[in-house]
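Okay, here's what each chain looks like letter by letter:
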Amino acid sequence: MNVTVWNENRHEQKNEKVREIYPEGIHGEIAQVLDKEGFNVRTATLEEDEHGLTDEVLNSTDVLLWWGHLAHDEVSDDVVEKVKQRVLDGMGLIVLHSGHFSKIFKSLMGTTCDLKWREADEKERMWVVDPSHPIVEGIGEYIELEKEEMYGEHFDIPKPDELVLISWFEGGEVFRSGCTYRRGQGKIFYFRPGHETYPTYHHKEIQRVLVNGVKWANPIHHPKPEYGNAKPIETISAKNL
C-alpha cells in the first residue's frame, strides 16, 4: 500500500517547542509510525512544487493523510481539485486535527466545518462509540490524552456515515472526533487529536488508530462506474407507440 503524509510544515519552522516534540516534523513522525507497519510511505509539504502532490505522486497514492493549520489559503486550488478527483476515483483520505478547515475537507463536506476551540492544557477522553469498527481495533473503551486542544460542538459537518469516536474535554465540551465518509469511490476518515504543541502523535493508541485508519481507507479496486446514456443489457421488447 502506498501512503503519502502531507503536512504544511509551518509550525515546525516557526515554533521551537514544536521542533522539540517533532524534530522530523509532524509528517516525519507519522511517516515513521506507518513505515514500521510495512506501508510504502512518502511525505509531501506545502513549500514543494505543487505542494509535493504532483500527478505522479497522487496517481500512485492509495491513502493520503493531511495535516494543516496556518496556511490553508496557500494551498493551490488546482492541487485541491486534483486531490478531490483522486478521492472520488477511490484514493483514501485521512484528515487530521486542524485539517478540518482545509480546502480539501471543506470541499468534500460542502459545509463550513467550523467548531469551538480552546487551548487550556486540558484532559481529553476519547470514547469508542463503535467498538466493531476496524479503525478502533486494538483500542479499549477510550483513549485518554493528558493535554490537548479542545474542539467542541457544534461541529459544522454533514452527518457522518459512521461515528467511531466521541471526545469529552475537562472543560465540559464534547466533540465528534472520529468520523467516516464515502465520497464517490473514496473513503474519508476525520480524526480530531493532534495539536502541534502536544506529543499526541507519539501516543501508542493514537498511532494504532492512524495505522487502522490507513488500512480501512485503502481503496477497493472496482471498475469505475459508467455514466450517461446507456445501451440496454437485455433486449427491450416494448415498441414506441
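The following paragraphs examine the structure supplied in this document. Quantities reported herein were computed from a predicted structural model and do not represent experimental measurements.

1. Quick notes on the pairing of strand E5 (residues 116–128)
Link 1 in the chain: Bridging between E5 and strand E6 (residues 142–152) involves 8 bridges; their strand directions are antiparallel. Its bridge partner being in E6, Trp127 is matched across the sheet by Tyr142.
Link 2 in the chain: Two elements, E5 and strand E7 (residues 162–169), share 5 bridges in a ladder whose sense is antiparallel. Residue pairing across strands places Met126 opposite Ser167, the latter belonging to E7.

2. Quick word on helix H5 (residues 77–88)
Spacing of three or four residues puts side chains on the same side of an α-helix, whose turn is 3.6 residues.
Link 1 in the chain: End to end, H5 covers 16 Å across 12 residues, agreeing with the expected 16 Å (1.5 Å per residue, within 8%).
Link 2 in the chain: Within the span of H5, buried status applies to Val79, Val80, Val83, Arg86 and Val87. Looking straight down H5, one finds its buried side chains confined to an arc of 125°; they lie on one side. Residues of H5 that are exposed and angled more than 90 degrees away from the buried face: Asp77 and Asp78.

3. Re the packing of aromatic side chains
Link 1 in the chain: Counted under the stated rule, the structure contains 8 aromatic pairs.
Link 2 in the chain: With a centroid separation of 5.5 Å and 55° between ring planes, the pair formed by Phe155 and Tyr190 is classed as tilted. Note that Phe155 is positioned in the loop between E6 and E7 and Tyr190 in strand E9 (residues 186–191), a separation of 35 residues in sequence.
Link 3 in the chain: On the accessibility criterion, Phe155 (0% relative accessible area) is buried.
Link 4 in the chain: Overall, the relative accessible area of 0% leaves Tyr190 in the buried class.
Link 5 in the chain: By way of ring pairs, the aromatic residues Phe105, Tyr151, Phe155, Phe175 and Tyr190 are connected into one cluster.
Link 6 in the chain: When the ring centre of Tyr151 is taken as origin, the NZ or CZ atom of Arg192, which lies over that ring, is 5.1 Å away.

4. Re the side chain of His11
Link 1 in the chain: Considering the arrangement of structural elements, one finds His11 in helix H1 (residues 11–14).
Link 2 in the chain: Owing to a relative accessible area of 8%, His11 belongs among the buried residues under this scheme.
Link 3 in the chain: A polar contact is formed between the side chain of His11 and the side chain of His69, at a distance of 2.8 Å.
Link 4 in the chain: Among all residues touching His11, those that are not within four sequence positions of it are Val18, Trp67, His69, Leu70 and Glu196.

5. Considerations on the pairing of E7
Link 1 in the chain: Summarising the sheet, E7 and strand E8 (residues 174–183) pair through 6 bridges and their orientation is antiparallel. Note that in E8 the partner of Glu162 across the bridge is Thr180.
Link 2 in the chain: Between E7 and E8, which pair antiparallel and follow one another directly, the connecting turn spans 4 residues, one of which, Gly172, has a positive phi of 115°.

6. Description of the nonpolar core
Link 1 in the chain: One finds Ile30, Leu34, Leu65, Leu96, Phe191, Tyr201 and Val214 to be the most contacted residues of the largest nonpolar core, which totals 35 residues.
Link 2 in the chain: It is helix H7 (residues 204–217) that provides the largest number of residues to this core, a total of 7 residues.
Link 3 in the chain: Apart from the residues within four sequence positions on either side, Ile30 is in contact with Val5, Leu65, Leu96, Tyr201 and Leu210.
Link 4 in the chain: Residues Ala44, Ala71, Val87 and Tyr151 belong to the second largest nonpolar core, which totals 33 residues.

7. Some thoughts on the sheet that holds E6
Link 1 in the chain: The sheet built from 9 strands is open, its strands ordered E2-E1-E3-E4-E9-E8-E7-E5-E6 with mixed pairing. The sheet is open, and its two edges are formed by strand E2 (40–45) and E6, each paired on a single side. Averaged over all adjacent pairs, the angle separating strand axes in this sheet is 25°, with direction ignored.
Link 2 in the chain: Strand direction decides the pairing type here: strand E3 (residues 63–67) and strand E4 (residues 92–96), joined by 5 bridges, are parallel. By the bridge assignment for E4, Val63 is matched with Gly92.
Link 3 in the chain: In the packing of helix H3 (residues 25–36) onto the sheet, contacts are made with strand E1 (2–7), E2, E3 and E4, and the angle to E1 comes to roughly 160°.
Link 4 in the chain: Taken strand by strand, H5 contacts E3, E4, E8 and E9, and its axis lies near 115° from that of E9.

Scoring rules and cut-offs
- Residues numbered from 1 in each chain as written.
- Predicted model: local features only at pLDDT ≥ 70, side-chain atom pairs only at ≥ 80, totals over all residues.
- Heavy atoms only, no water.
- Pairing = 2+ DSSP bridges.
- Helix = DSSP H or I, 4+ residues; strand = E, 2+ residues; numbered from the N terminus.
- Expected span 1.5 Å × (residues − 1).
- Buried < 20%, exposed > 50% of the residue type's maximum accessible area, 1.4 Å probe, protein only.
- Arc of directions from axis to C-beta.
- Phe/Tyr/Trp six-rings, centres within 6.5 Å; stacked < 30°, edge-to-face > 60°.
- Lys NZ or Arg CZ within 6 Å of the ring centre and 35° of its normal.
- Polar contact = N/O pair within 3.5 Å; in protein donor to acceptor, adjacent residues only side chain to side chain.
- Contact = heavy atoms within 4.5 Å.
- Core = buried A, V, L, I, M, F, W, Y, C linked by side-chain atoms within 4.5 Å.
- Axes fitted to C-alpha atoms, helices over the stretch in contact; angles between N-to-C directions.

All quantities given are derived from atomic positions and should not be read as evidence of function.
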